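Structural overview for review
Spelled out, the chains give:
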Amino acid sequence: MSAADGRFDAAAEEAEPSGPLLQVSGVQRSFPASGGPIHVLKGITMEVPHRRLVMLKGRSGSGKTTLLNLIGGLDTPSSGEIWFDGQPIHKLGDDKRTVIRRERMGFIFQAFALMPLLSAYENVELSLRMAGTPRAEWKSRVEHCLAMVGLERRMKHRPFEMSGGEQQRVAIAKAIAHRPRLLLADEPTAELDSQMSAQIMSVFRTMIQSEGVTICMTTHDPTILEVADHVYEMVDGTFI
Ligand SMILES: Nc1ncnc2c1ncn2[C@@H]1O[C@H](COP(=O)(O)OP(=O)(O)OP(=O)(O)O)[C@@H](O)[C@H]1O
């Protein structure tokens, strides 16, 4: 482990701030439509402490992705509040939400896919550039994150030279590189076989321990749900 990594692990073990990392209260989200508004989220309340792995499950169309988008500041609620790391995400403008996303959140979403022309190494490095991490830390951090997902030998490869599972692991390394407080993942194991899914979940568990991150993800997979600290079940825009 490099000196930089050692420093970070020490930081991760510092006492967490009191209170939850994420607080969602009474959140509703409606979308306008020709036949009248569609009420997708109908009053969601959840509280996620630091260093937890929470999962959202529910049928297709129940509102899981809509909720992840709101938590990640990619969208704003029609009503209700979302507090993340002491910040009222629901009240902030686009610019402030973008800064919080870049610096304190990580995403494993289809829409944040890998850059096809960049190698695994360069893809992960991009997160550090975007987050404003000092350049001197890039090399050790990129190598550490790719090693954490077992890809230390594939750093020079570009996405099209890797399997689906390997690409997903690069996406995880990229999402975690800038040391986010919260990692949001939409169906991160959807395309993977059960062995690879289990490996991804083990990487998530390791990251919670060593990086102090909190993970909020969606899944349909019952075997994956067993690994969660807490499962929220969504039915038709509410938790049951
Ligand atoms: N921008 C939008 N405008 C109108 N309706 C929307 C919009 N975004 C989402 N919806 C609707 O909200 C509902 C919930 O969608 P969402 O993607 O959150 O579901 P989900 O639980 O993530 O489903 P899946 O498991 O299939 O990804 C769907 O009926 C969808 O059509």
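Let us look at the structure shown here. (Residues numbered from 1 in each chain as written. Predicted model: local features only at pLDDT ≥ 70, side-chain atom pairs only at ≥ 80, totals over all residues. Heavy atoms only, no water.)

**Things to note about the packing of helix 4 (residues 120-131) against helix 5 (residues 138-148)**
Relative orientation of the contacting elements helix 4 and helix 5 amounts to 125°, with a least axis distance of 9 Å. As the angle between them shows, helix 4 and helix 5 are arranged oblique. In this structure, the crossing between helix 4 and helix 5 has a hand that is right-handed. The residues of helix 5 that touch helix 4, namely those facing Ala120, Tyr121, Val124, Glu125, Leu128 and Arg129, are Trp138, Lys139, Arg141, Val142, Glu143, Cys145 and Leu146. Each residue belonging to the contact of helix 4 with helix 5 can be placed in one class, and the counts come to eight nonpolar, no polar and five charged. (Axes fitted to C-alpha atoms, helices over the stretch in contact; angles between N-to-C directions. Helix = DSSP H or I, 4+ residues; strand = E, 2+ residues; numbered from the N terminus. Parallel < 35°, antiparallel > 145°, perpendicular 65-115°, else oblique. Left-handed = near helix turned anticlockwise from the far one by under 90°. Contact = heavy atoms within 4.5 Å. Nonpolar A, V, L, I, M, F, W, Y, C, P; charged D, E, K, R; others polar.)

**Side note on the sheet that holds strand 9 (residues 230-235)**
One open sheet accounts for six strands, arranged 6-7-8-3-9-10; its pairing is mixed. In this open sheet, the two strands that pair with only one neighbour each are strand 6 (105-108) and strand 10 (238-239). Two elements, strand 7 (residues 182-186) and strand 8 (residues 214-218), share five bridges in a ladder whose sense is parallel. Looking at the pairing, aspartate 186 lines up with threonine 218 of strand 8. (Pairing = 2+ DSSP bridges.)

**Quick word on the packing of helix 5 against helix 7 (residues 194-211)**
Running from N to C, helix 5 and helix 7 cross one another at 140°; their axes reach a closest spacing of 11 Å. Overall, the two elements helix 5 and helix 7 adopt an arrangement that is oblique. Residue-level inspection shows Arg141, His144 and Met148 of helix 5 in contact with helix 7, the latter providing Val203, Met207, Ser210 and Glu211. Classifying every residue of the contact of helix 5 with helix 7 gives three nonpolar, two polar and two charged.

**Examining the site of the ligand**
Taken together, Phe31, Val40, Arg59, Ser60, Gly61, Ser62, Gly63, Lys64, Thr65, Thr66 and His220 form the complete shell of residues around the ligand. Serine 60 has a polar side-chain atom sitting 2.6 Å from an oxygen atom of the ligand. Threonine 66 is positioned with one of its side-chain polar atoms (N or O) 2.6 Å from an oxygen atom of the ligand. Isolated, the ligand exposes 640 Å² of accessible area, and the fraction of that covered by the protein chains is 58%. Here the shell around the ligand gets three residues from one element, more than from any other, and that element is helix 2 (residues 64-71). (Near = heavy atom within 4 Å. Polar contact = N/O pair within 3.5 Å; in protein donor to acceptor, adjacent residues only side chain to side chain. Areas by Shrake-Rupley, 256 points an atom, 1.4 Å probe, with all protein chains shown as cover.)

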